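# Commentary on secondary and tertiary structure
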Amino acid sequence: MNAAGYRSSLEDGRRVFLDGQRVLHLAEDPLLRVGVDWVARSYDAAADAKSALGLPRTPDELRAFGELLLRSDTTLASTAGCLALEALLPELRAAHADPARAIESFLKRCREGDLRATVARDVFAHDLRVVERRSDGIVVRGSKLAVAGAALVHELLVLPAGRAGEASLAFTVPVAAPGIRLVCASTAPRENDTRHYPLARRFSVPESVVLFEDVFVPKERILLDGEDDALAARFREAVGVWERARSAAQLADRADLLMGLAQTVTEMNGVPEEANIVEKLSAIAVYATMCRAGWEAAISHARTGAAGVCLPDEAFVYATLHHATHLYHEMVAYLHDAAGGLVITCPSVADYEHPEVGGYVEKYVRTMDGVSGNDRMRVFHLIRDLTADAYGGWLKVSTQSVAGGMHAQRLAAHAYYDLDRARARVREVAELGH
Amino acid sequence: MMTGQQYRASLLDGRRNYLDGERIEDPSKHPLFQHAVDWVASTYDRFYSPEPDAYHPMFMIPRTPDDLRARSEALRQSDITAGTTAACMALITAAPELGELRPEYKTRIYDYVDLCRSQDMRCSEVITDAKGHRKRRPTQQDDPDFYVRIVERRRDGIVINGCKMHITGAALVHEQVVLPTKRMRRGEEDYAVACAVPTGAEGLSIINTTNAPRNPDGRNHPVSSRRNLPDGFVVFDHVFVPNERVFLAGEVSHSAILAHALGVWERSAGVAGAANAADLLAGQAALLAEMTGQLDDAEIKQKLAKIAIYATMCRAGWAAAMATATTTADGTAVPNSRYVSATKHYTMDLHGQMVDMVQDIAGRLIVGCPSFADFDNPELAPQLAEAFAAEGDYTPEQVLRVFHYLHDTTADLFGGWISVTEQLAGAGAYAQRLVTLRNYDLEDAKTRAKRALGILDGAMAGEPQ
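Reading the values: rules and limits
- Residues numbered from 1 in each chain as written.
- Chains lettered and ligands numbered in written order.
- Predicted model: local features only at pLDDT ≥ 70, side-chain atom pairs only at ≥ 80, totals over all residues.
- Heavy atoms only, no water.
- Helix = DSSP H or I, 4+ residues; strand = E, 2+ residues; numbered from the N terminus.
- Rg over C-alpha atoms; globule rule 2.2 N^0.38 Å.
- Buried < 20%, exposed > 50% of the residue type's maximum accessible area, 1.4 Å probe, protein only.
- Contact = heavy atoms within 4.5 Å.
- Areas by Shrake-Rupley, 256 points an atom, 1.4 Å probe, with all protein chains shown as cover.
- Buried area = accessible area lost by both parts, 1.4 Å probe.
- Salt bridge = Lys/Arg side-chain N within 4 Å of Asp/Glu carboxyl O.
- Polar contact = N/O pair within 3.5 Å; in protein donor to acceptor, adjacent residues only side chain to side chain.
- Nonpolar A, V, L, I, M, F, W, Y, C, P; charged D, E, K, R; others polar.
- Pairing = 2+ DSSP bridges.
- Axes fitted to C-alpha atoms, helices over the stretch in contact; angles between N-to-C directions.
- pLDDT = per-residue confidence, 0-100.

### A closer look at the overall build of chain B
Of the regular secondary structure elements, chain B holds 15 helices and twelve strands. A compact globule built from 465 residues would reach a C-alpha radius of gyration of about 23 Å, and chain B, at 24 Å, matches this within 12%. In terms of its C-alpha atoms, chain B occupies a principal-axis envelope of roughly 75 × 75 × 50 Å. Per-residue burial over chain B gives 58% buried out of 465 residues. If you take every contact in chain B between residues at least 6 apart in sequence, the share linking residues at least 24 apart comes to 75%. For chain B, the computed accessible surface area is about 18,300 Å², with 52% contributed by carbon and sulfur atoms.

Here it is as structure tokens:
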């Protein structure tokens, strides 16, 4: 699919809402079109590279795939996550024929149609439930919350949230299916002039609450209907693999950007060698290096899954996620401290262009020969957008929430740690014998 | 005293305010300024008294710790411009020393503060210069206006040039109280300038940013839609200041006094606010845990306990600063600098971690919560109500309020503004460490250490301290 094809594919009758109003044409809505444009750009870029949705088979391909996920919009990672179910197929075919068939046809549909998909899983208090069983399928009712990019994809993979006592209900459904409504929140800037939002105006993907009002799910799309909690857990773990990988890669990338911003802004201020500034810059440098190390280690310790897909090492991925999110606020604080109040008080581009006061902005935002007010203003706009405004808030919270949040990330890092090797090391050093 | 309505009218004084490339003629009618004006006006109405000698409690010169507590409580009930009017307190605090330098400075300060008090005016703290190249002195910059300076001295006053940045509320106050940003040296006399300029003065322009939400439905931004204030670049382009409003004009020896005096009051306001904000954060976290039925979860309890400790220590720091207040030669009680700076540092150091924990409890819904307008839509309302059904007696609408509150204050523009200003107002972490160390009694600590080591005359090692 190319960008134009993608845009028309959204005209499928999906019921999308924003600020209480139905949005009939996403590509024309001033806020939602930001996400549409980003996904469309990814479609065109992937068509050029002929690499979309071809899951990696070797460590080199994995590295390239990580780069692709990083450059692409978030729905590519969520779609790749859905495709990761393929790894479970050999085992499923033997013991769970129906879910295997449902997954096979879902994957075939996504691949052949070059569709985007995402996982709908989380709930607030009450999970999705079956309100009617028919011979040809089920009718479901309820909601899933915080589904990133739901309004921009074609298919939803609905999984149980994993709460105690919850019925295992898993299925796939087209976003435009009758009875589905998507209630969106967007970080796209609401100003008419968005030039001082270098990130939010290009990379905002809406979050959605997905409401299911008596939605019919045909039998062939049902993965689980209350029968297997353990399998549901495996689905959840499998589909998150590329979202976790993208987040780890993105955190390493963002750490480099934080480092670059802190270095640039202090050089523009003329004080990169001041003792208290060096202290902050070096702290960010250590942080960024360890984020990068975590992602590199995840790739270099890659393992090959059941379907021959090369996957990043989960112990390093989870540890990187936790390390990067746990210290993120501290690094942002160092950046803000080094940058100063202009992070939130730098005038807009329109002020800069104003005939009466634009000259003042250039005169007082510049610092020395070679550092123009215009350049410095743009650096501060980027810092604000990345760390001190709606998009920055979304970026922080959404990354922090990957894989269940910071606490869950830490527990998973422990669960995936090679404990046998650690135990053996103790036996060896303490001379415990065997 | 002024009423809220009189305050609104007082803003129509020809001031030149700009935002997003547009001149704002009447702030009270501009969609991004009007709520800020409403907020300030509401403070005027709350404290209004028709008595001829009445004044807002922030103008009361505190003499005791109890006075400080009363002042702090009055500020809690007021908008931020009441806090920034602490510029007057900085002048009063520095008045004895400036009076020793030149008696007329002290007289002018007291006359000026009397004027502000009697006219019920609001002031801003106009201190941070553009600074240019940070390592160069003001006279070494390639633009001499990077620090506000005197460009002309006349018999009846001075003319100043330059720009002061990050001035909270500048657009909405009556007076800009200009103070030197740091200690000036010999040869930098033109930069050692403190004065007061009416906001509508000829040659003064304010280029603003605002943390007011662009979303017109204020329900989605419960705090910032009502309690926002613009920050401004205050540009002085050949502004004349008459002598009676000049409090320092060339005496470099005293150039740092005012910045230090303001710093204590600025930081004090921040620390008092942080103690209140910490309690609020603990409450939000507990409410959220209750609504989602997680109160008995061991991990959640650990988080709540950490936030409770944080809130307790923030409160303790501020209480100690007031209880051990110091007194100037004029008898003005000033919060203890050591506790103020240490508490500010503590707060800054841990605030991000506390927010992380609350966000971890709340999850991604903080940034993906439906709007109140979605709940108004009859096509969506019944199912949204079901989706947000909470534990206990809480309604879905109350759940929505918590998420929007947390989004507004921790993950949107206003949250970013809080985070940056909490960190930088009254100087950053490095400065707080230095101030704390300067005010900490290291000699006493060393004496205790020596006694414990048995290296002080007559002391035995290990004796109780």
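Text resumes after the structure shown.
### Considering unusual backbone geometry
Positive phi is not limited to glycine here, since A:Asp19 has a value of about 55 degrees. Look at B:Lys131: it is not a glycine, yet its phi comes out positive at around 75 degrees. Among the structural elements, B:Lys131 can be located in the loop between strand E3 (123–126) and strand E4 (149–154).

### With respect to the interface of chain A and chain B
Contacts between the two partners involve 80 residues from chain A and, on the opposite side, 75 residues from chain B. Taking both partners together, chain A and chain B bury about 6,600 Å²; carbon and sulfur atoms supply 57% of that area. Counting the surface chain A buries against chain B, the share from its top three residues, A:Phe124, A:Ile344 and A:Tyr364, is 13%. The interface formed by chain A and chain B contains eleven salt bridges. Among the salt bridges present, the one from A:Glu279 reaches B:Arg433, with a minimum N-O distance of 3.7 Å. Linking chain A with chain B are 30 residue pairs in polar contact (both at pLDDT 80 or more). When residues in the side of chain A that touches chain B are grouped by element, the largest group, seven residues, is from helix H17 (residues 390–400) of chain A. Here the side of chain A that touches chain B is composed, by residue class, of 33 nonpolar, 24 polar and 23 charged.

### Overview of the sheet that holds strand E9 (residues 207–218) of chain A
Residue and element names in this part refer to chain A. In spatial order, the strands read E2-E1-E8-E9-E5-E4; together these six strands make up an open sheet with mixed pairing. Both edges of this open sheet fall to strand E2 (21–23) and strand E4 (129–134), since each of them pairs with a single strand only. The mean angle between the axes of side-by-side strands here comes to 25 degrees, regardless of whether they run parallel or antiparallel. Relative to strand E5 (residues 137–148), E4 runs antiparallel, the two sharing five bridges.

### Examining the confidence of the model for chain A
Across chain A, the average pLDDT comes to 92, with 98% of residues at 70 or higher. Here helix H5 (residues 89–95) of chain A stands out as the least confident element of chain A, with mean pLDDT 85; strand E1 (residues 15–18) of chain A is the most confident, with 98.

### Notes on the environment of B:Met165
Secondary-structure assignment places B:Met165 in strand E5 (residues 157–168). Among the residues examined, B:Met165 registers a relative accessible area of 2% and is labelled buried. In the structure, B:Met165 is positioned 112 residues away from B:Ala277 in sequence and 26 Å away in space, judged by C-alpha atoms. Filtering out sequence-adjacent residues up to four positions away, B:Met165 remains in contact with A:Leu342, A:Tyr364, A:Val365, B:Thr128, B:Ala130, B:Gly232 and B:Phe233.

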